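Secondary and tertiary structure notes
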Amino acid sequence: MSRLSQQVVTLKIDGRDVGARSNETILEVAHENDINIPSLCSVEGLSVVGSCRLCLVEVRGTSELVSACSTYVREGMDIVTHSERLSHYRQTILSLFFSERNHLCAVCVSNNHCELQGQAQALGLSHVEVAYRYPQLPVDASHERFVIDHNRCILCTRCVRVCDEIERAHTWDVAGRGVQALVITDLNEPWGSSETCTSCGKCVQVCPTGALFEKGKAVAEMSRRRRFLPYLAKTKEKSS
Amino acid sequence: MSFLDLDERLIQIAEKASLVYSPLVDIKTFPDWVDLTLVEGAVSNMEDWEKIRNVRQHTHTLVSLGDCAITGNVPSMRNQFSANAVLERSYHENIELYPQIPRDMVPHLLARVRPVHEVVKVDVFIPGCPPPADAIFFALSELLEGRTPDLSAYTRFGS
Amino acid sequence: MMPEELTELAHKEQTDAQQWQHQIHVCTATGCLSAQSDQVYTALTREVRDRGMDKTCRVKGVGCLGLCSAGPLVQVNPAGTLYQHVQVDDVPELVQSLKHSPVERLVCSTDIPFFQQQVKIVLANAGNIDPERIEEYLAVDGYQGLLQAVTEMTPSEVISEVIHSGLRGRGGAGYPTGLKWTTVAKADSHQKYVICNADEGDPGAFMDRNILESDPHCIIEGMAIAGYAVGATQGYIYVRSEYPLAIKRLRNALRRAERLGVIGNNIFESAFRFQIDVRLGAGAFVCGEETALIASIEGRRGNPRPRPPYPAEAGLWGQPTLINNVETLANIPAILRNGGGWFATIGSSQSTGTKVFALTGKVNHGGLIEVPMGMSLRSIVFDIGGGIPNELAFKAMQTGGPSGGCIPETHLDMPTEYETLNQIGSIMGSGGIIIMDETSSMVDVARFYMEFCQDESCGKCVPCRVGTAQLATLLTKIAEGMATPEDLILLEELCDVVKHTSLCGLGQSAPNPVLSTLRFFRHEYLAHIRQ
C-alpha cells in the first residue's frame, strides 16, 4: 500500500480539476477543495461505514452511484456531487431518517446544533412525504452524567466507533436487525451499570443528533466539541 | 404570534390581501372560495379532520404553517401510545376528584395525530417552531406574486 | 494418499456394488425425511433382514431423488423402478415384489418429462450414492478431478479450464467464475481463502441444502480444486444452522476426506495442502451477501460493507478471498474430469451448463430439478412441472426470491438465461422457482417479499432499513384497499430510491418483486386503489 500512497492523481469534481493522493476518498478530496457533500455517518478520525448514503455521488461513465466516503479517487474520475437526481435521493433519504423514530426538533436538546436538522435545511427538506412510524423507544438515563434517547438516534454508529476505535472500550454496539436495531451498552444492560464504560463522554461529543446528551442540558443547549477527535486518531495511528 | 411579529409588514400584506377567515374574525363558517389558507397545528381529532377537509375543498393554495402542521411535532408525542391510553392517563390516573373521560362536548380523538399533508394535499410548507416572521413574510410575498417560495434560507424544523 | 490408492478404492467399491441383486435406494434428504422416509428406511432394512435377503439386497439411504412432492421416494435398482408416497405399511409388499413384478399402485412413472428432460451434472450423484460413505463417491469418479488438477495441471491451467467452460456464478448474479478465480489467483498475498457460500435463504429455495445433503464430497472436491487454482490453503463452508442434516453430512464427509488424505497436507503426494472448516451462520438472510458473510465468519456482526475493495482483493481477515456458491463449486469436479469444452456444449452460448432449481408452488410436479440453461421457462412449468393442478390457469412464475421478480404467461417462452431473465425484470437468482396460479394476488406476493426484506435488513443503511419498512407499510395499505393514487406514486418513487441508494445487494434488489409485479400486473394494484 505504501507504493500506492505515493501516487498522485488528477480528477474532476463538479467540473473542477483537482489533484489528490490515490489513498484519499472522494469525500476527503471534496472537503479539501471546499466542495460540500452532505453526510451524517462519517466523521473525521473514525473508520468509514458508508451507511447514511447521503454522500452518494455520480461518477460519469458509470450508472451506479458511489458513496463518496468509502470510494477512493482514481485518475481521470469525473464526479458530480450535485444533480437533480442526487438531490431527490438525498431528500428522500432524509425523509426516511425523520420518519423512522421520533424526531421533535422543537423540544430537543440539540435543536440548532443537530446535524440531521442541519442537513434537512441545507437540502431544502420542507416536509416528510413518507408516513411517520412513531415507534415506542426507551430512554436510558441510568448513567450518572449522560443520557441515551433512542427516539433521536439515527444509527450512524459514531458512538460505537469512537468507543471502539479511540477509547478502546467497546462499550457500545448494535443489537437487533432492520428497524428494530438499537445501539446498546455492554450486553444490552443499563448504561449506568456498564462495567466497560469509562465515562469519557466521547460518544456524546460525536453524536450528530440529540440521542446522546449530557444531563442538565435543556432544549437547544447541547452543543458538541469534536476537536479532540482528529488529534486522538492521529496519535492512535502513530502508536499502532 | 409569529404572524403578528410581521409588525409593520402586516400593512404591506394587507394592501394585497384581505383576511376572510381566522379564529380572530367574526365569520364562523369557512368562506366558499379562498386563495390562500395558512393552517397551523396537527390533525388530532375528528373536528380537525372535518375542518381541514372542508378547508382544502374551498382553498386554492393551502400552506402548512409551523412544525405542528408539518411534522405533528409536540401533539404527535402521544402517537407512541394508543388514544385510549392517553385519555386514561389524563382523565383517570392523574385525577383524584371524580375521574371520568369526557365523551360528550369534546371532539373524538383520532387514533393518531397526523401532519396536515397526511390528510389533505398541502401546497407549501413553512417549517419552524415557530416559523420566524421573516420566513412567513417571504413566503407570503412570494405567494402573492404567484411564485413558490424556497424557504430553506429562512427557517427549518424546530428553529 | 497416493493416486493409486484412490483408483484401488474406487475399483473395490464398484466391484462390491455388483454383488447385489437388488439395491433399494431410500431418499434421506430433508424433503422426504419430513415425510418420515427414515421410518421407511428402517422398516425396509428390517424386512429385508427378516426375510433373509440381506445377502442379495441392500437398502441404502441416498440423497434427493428429485420429485419431492411425491415423497417419500424409494427407487429399486438396477431395474430403476421408482415408488412414490411410500409408507411403512407398504414395505412388506414392496420387498415381496422384488422377486415378482413391481407394486403397481406405488409406481411413479419415470417416463414423464420431469425425469426425461432433466440433464444432471450437479445432481448426477444425488439419489445414487450414499452421502455418508466416501467410497461411493470415489466409485463414481469422485476426487478424480482434484487428482487430475493437482498431479497433472498447473493452477493457471485449472483456471483456463474453468474459463473455457463458461461457468458463471450460480448464487444469482452470474459473474464469470473463471474471471473471479483469476482475480484471486493474481492477488499478491501469502494467505488466501476459499469460501463456499451455503447461506441459502430465499423463501422456497432448497437447492444448496439438497446438494450438501446428497453429495457433500463434490463441494469439498470443488473447493479443494479452487484452493489449488487460486493458491489458497484454507477453506470455509458457511452454512446456516437451520440445515442440521446438511451440516452433519458435511462434517462427516470432511472427516472422511481428511482421513483419506484427499484434503489436508501433501494432497496426492504433492506440495499442495488444503484444509476446510465449517462455519455456522444463525440464519440471517443478509449473511448470504459476501461482505456480511465474511464479517460473520470473522465473528463480527453480519453487516455488509461498501465494495470495493472486493473480497477477491481484501476479504476474510483482509486477505484475498474467493467466494463461490455451493452449486458453482459442485460443477467444478465434472468440469475438471470432462473438460471445460464439454461443459460449454451444454446449455446456451452465454449461459453454459445446467441450473438447479427448487420448483415449488402450484405445479403438479414439484421438487429439485436440474435443466440445461436455455430451456424455455414454459418447459419448466408445463413439461417438467407438469402444469398447474386443479385445472387452474397459470399466473406467474417467481424467480430469484426476494431479489427477483414475477414473470407472466406472455414471457414464458424466454430461455432460462441470466441476461433474458434480467431483461424481464427478474433474475436467475440462486434457483428458487415458485409457481402461482390465478388465485394468487400479486400485491400480496409483493407484500410478502417486502416484509421478508424488512425483517432481514441488517439495519445498517437507511434506505434499506427504513425504506423496506415504509414500502411494506404502503403495500399493506394497498392490499387492504386503503391506498390512494398518490400512495402508488410514492411506492414507485421509494422503490427507485431503495434500489439505487442502498448499501448492499439486499436493499438494492429488495424493490424487484414490487417493480416486476407493477410492470406486469399493474391492474391488480389499481384494482386495490381507492379513487
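Criteria and cut-off values
- Residues numbered from 1 in each chain as written.
- Chains lettered and ligands numbered in written order.
- Predicted model: local features only at pLDDT ≥ 70, side-chain atom pairs only at ≥ 80, totals over all residues.
- Helix = DSSP H or I, 4+ residues; strand = E, 2+ residues; numbered from the N terminus.
- Expected span 1.5 Å × (residues − 1).
- Buried ≥ 20, exposed ≤ 12 C-beta atoms within 10 Å, placed from the backbone.
- Arc of directions from axis to C-beta.
- Axes fitted to C-alpha atoms, helices over the stretch in contact; angles between N-to-C directions.
- Parallel < 35°, antiparallel > 145°, perpendicular 65-115°, else oblique.
- Contact = placed C-beta atoms within 7 Å.
- Nonpolar A, V, L, I, M, F, W, Y, C, P; charged D, E, K, R; others polar.
- Pairing = 2+ DSSP bridges.
- Domains from an automatic or database assignment.

1. Topic: helix α12 (residues 244–260) of chain C
Residue and element names in this part refer to chain C.
- Given a rise of 1.5 Å per residue, 17 residues ought to cover 24 Å, and the 24 Å separating the end C-alpha atoms of α12 matches this to within 8%.
- Residues of α12 that are buried: Ala246, Ile247, Arg249, Leu250, Ala253, Leu254 and Ala257. Buried residues of α12 fall within an arc of 165 degrees about the axis and therefore sit on the same side. Exposed residues pointing more than 90 degrees away from the buried face of α12 are listed as Pro244, Arg255 and Arg259.

2. Some remarks on the packing of helix α3 (residues 84–100) of chain A against helix α20 (residues 485–501) of chain C
- As a packed pair, α3 of chain A and α20 of chain C sit with axes 10 Å apart at the nearest point and diverge in direction by 100 degrees. Taken together, the axes of α3 of chain A and α20 of chain C are roughly perpendicular relative to one another. Between α3 of chain A and α20 of chain C, the contacting residues are Tyr89, Thr92 and Ile93 of chain A on the first element and Val497, His500 and Thr501 of chain C on the second.
- Split by residue class, the contact of α3 of chain A with α20 of chain C holds three nonpolar, three polar and no charged.

3. Considering the sheet that holds strand β4 (residues 65–67) of chain A
All names here are of chain A.
- Judged by pairing direction, the sheet is mixed, and its five strands sit side by side in the order β2-β1-β5-β3-β4 without closing on themselves. Bordering the open sheet on either side are β2 (16–21) and β4, each of which pairs with just one other strand. Adjacent strand axes in the sheet meet at a mean angle of 40 degrees, parallel and antiparallel pairs treated alike.
- Both strand β3 (residues 56–59) and β4 contribute to a ladder of three bridges, which runs antiparallel. In the strand pairing of β4, Glu58 is matched with Leu65.

4. Notes on the domain arrangement of chain A
Residues and elements named next belong to chain A.
- Splitting chain A by domain gives domain 1 (2–82) and domain 2 (105–239).
- A C-alpha centroid distance of 26 Å is found between domain 1 and domain 2.
- Contacts between domain 1 and domain 2 engage 12 residues on the former and 18 residues on the latter.

5. Observations regarding the pairing of strand β9 (residues 354–361) of chain C
All names here are of chain C.
- Along β9, seven of the eight residues are buried, which leaves the element largely enclosed by surrounding structure.
- Sheet topology places β9 next to strand β10 (residues 367–372); six bridges connect them, and they run antiparallel. Considered in β10, the bridge of Thr354 is made with Pro372.
- Between the end of β9 and the start of β10, which pair antiparallel, lie five residues.
- With four bridges connecting them, β9 and strand β13 (residues 432–437) associate as parallel partners.

6. Let's talk about the arrangement of the chains
- Here the protein chains form two pairs of chains in contact, of which the pair with the most contacts is chains A and C.
- Across all C-alpha pairs, the smallest distance from chain B to chain C is 10 Å, and the two are not in contact.

7. Quick word on the interface of chain A and chain C
- Taken together, the 26 residues of chain A in the interface contact 22 residues of chain C.
- Counting only elements with at least two residues in the side of chain A that touches chain C, the list comes to β4 and α3 of chain A.
- A per-element tally of the side of chain A that touches chain C places α3 of chain A first, with seven residues.
- Each residue belonging to the side of chain A that touches chain C can be placed in one class, and the counts come to 13 nonpolar, eight polar and five charged.

8. Things to note about the pairing of β13 of chain C
Residue and element names in this part refer to chain C.
- With five of its six residues buried, β13 lies for the most part within the structure.
- Both strand β11 (residues 394–399) and β13 contribute to a ladder of five bridges, which runs antiparallel. From the neighbouring strand, Thr399 faces β13, where its bridge partner is Ile433.

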